[in-house]
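# Residue-level structural notes
In case you want the letters, here they are:
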Amino acid sequence: MRLLPLLLLPAALQAAEPVYDCAGKTRFVHRGAPSTTPADESRRYRVEAGRLDGLACELSDQQLSCHGLTPQQAYRRVLIDRQRNTVSDTLEMPTSMLIFEGSCR
């Protein structure tokens, strides 16, 4: 009987991992000058085992912050303000940036 709570613990922890459905605009910036008209986009952010798409994350009552290098060696930074329900997801490459900003539910 005492083993049952231990077996259910991983499922309970996984259920507690945050998931954010966000809608906003993505824009591309090349050498500091906007290169495209912002495009509507929807994104889903799922944190699993303290990581988001391989990036290390820090979670507090106010925000979720994840950052690090992607497999393609670009620097990615995701910040979700949990109080305002907003997201900023920036992918920085040597001469350009891809920026997604929006609101989450």
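Further up the page is the structure itself.
Structural notes, computed from the coordinates.

About the criteria used
- Residues numbered from 1 in each chain as written.
- Predicted model: local features only at pLDDT ≥ 70, side-chain atom pairs only at ≥ 80, totals over all residues.
- Heavy atoms only, no water.
- Helix = DSSP H or I, 4+ residues; strand = E, 2+ residues; numbered from the N terminus.
- Buried < 20%, exposed > 50% of the residue type's maximum accessible area, 1.4 Å probe, protein only.
- Contact = heavy atoms within 4.5 Å.
- Areas by Shrake-Rupley, 256 points an atom, 1.4 Å probe, with all protein chains shown as cover.
- Salt bridge = Lys/Arg side-chain N within 4 Å of Asp/Glu carboxyl O.
- Disulfide = S-S within 2.5 Å.

The helix and strand inventory of the chain stands at 1 helix and 9 strands. Going residue by residue from the N terminus, the α and β elements of the chain occur as α-β-β-β-β-β-β-β-β-β. Out of the 105 residues belonging to the chain, those deemed buried represent 27%. Across the chain, the fraction of contacts at a sequence separation of at least 24, relative to all contacts at a separation of at least 6, is 35%. Within the structure as shown, the chain displays about 7400 Å² of accessible surface, and the carbon and sulfur contribution to it stands at 55%.

Turning our attention to the pattern of salt bridges. Here the structure, examined in full by the defined rule, presents 9 salt bridges. For Lys25, the salt bridge goes to Asp40, with nearest N and O atoms at 2.6 Å. You can see Lys25 sitting in strand 1 (residues 19–30) and its partner Asp40 sitting in strand 3 (residues 39–46), a full 15 residues away along the chain. Among the residues examined, Lys25 registers a relative accessible area of 41% and is labelled partly exposed.

Let us now look at the state of the cysteines. Using the criterion set out here, one finds 2 disulfides in the structure. In this model Cys22 forms its disulfide with Cys104; the gap between the sulfur atoms is 2.0 Å. Judged by the sign of its S-S torsion, about 95°, the cystine formed by Cys22 and Cys104 is right-handed. Of this pair, Cys22 sits in strand 1 while Cys104 is found in strand 9 (residues 96–104), placing the two residues 82 residues apart along the sequence.

Our next topic: the environment of Glu101. Relative to the helices and strands, Glu101 resides in strand 9. Residue Glu101 is classed as partly exposed on the basis of its relative accessible area, which comes to 40%. Remark: the alpha-carbon pair of Glu101 and Lys25, spanning 76 residues in sequence, is separated by 5.7 Å.

With that settled, consider the environment of Ser35. The topology assignment puts Ser35 in the loop between strand 2 (33–34) and strand 3. Given the relative accessible area of 40%, Ser35 is considered partly exposed. Taking the C-alpha atoms as reference points, Ser35 and Ser96, 61 residues apart in sequence, are found 9.4 Å from one another. Excluding residues within four positions of it along the chain, Ser35 makes contact with Phe28, Val29 and His30.

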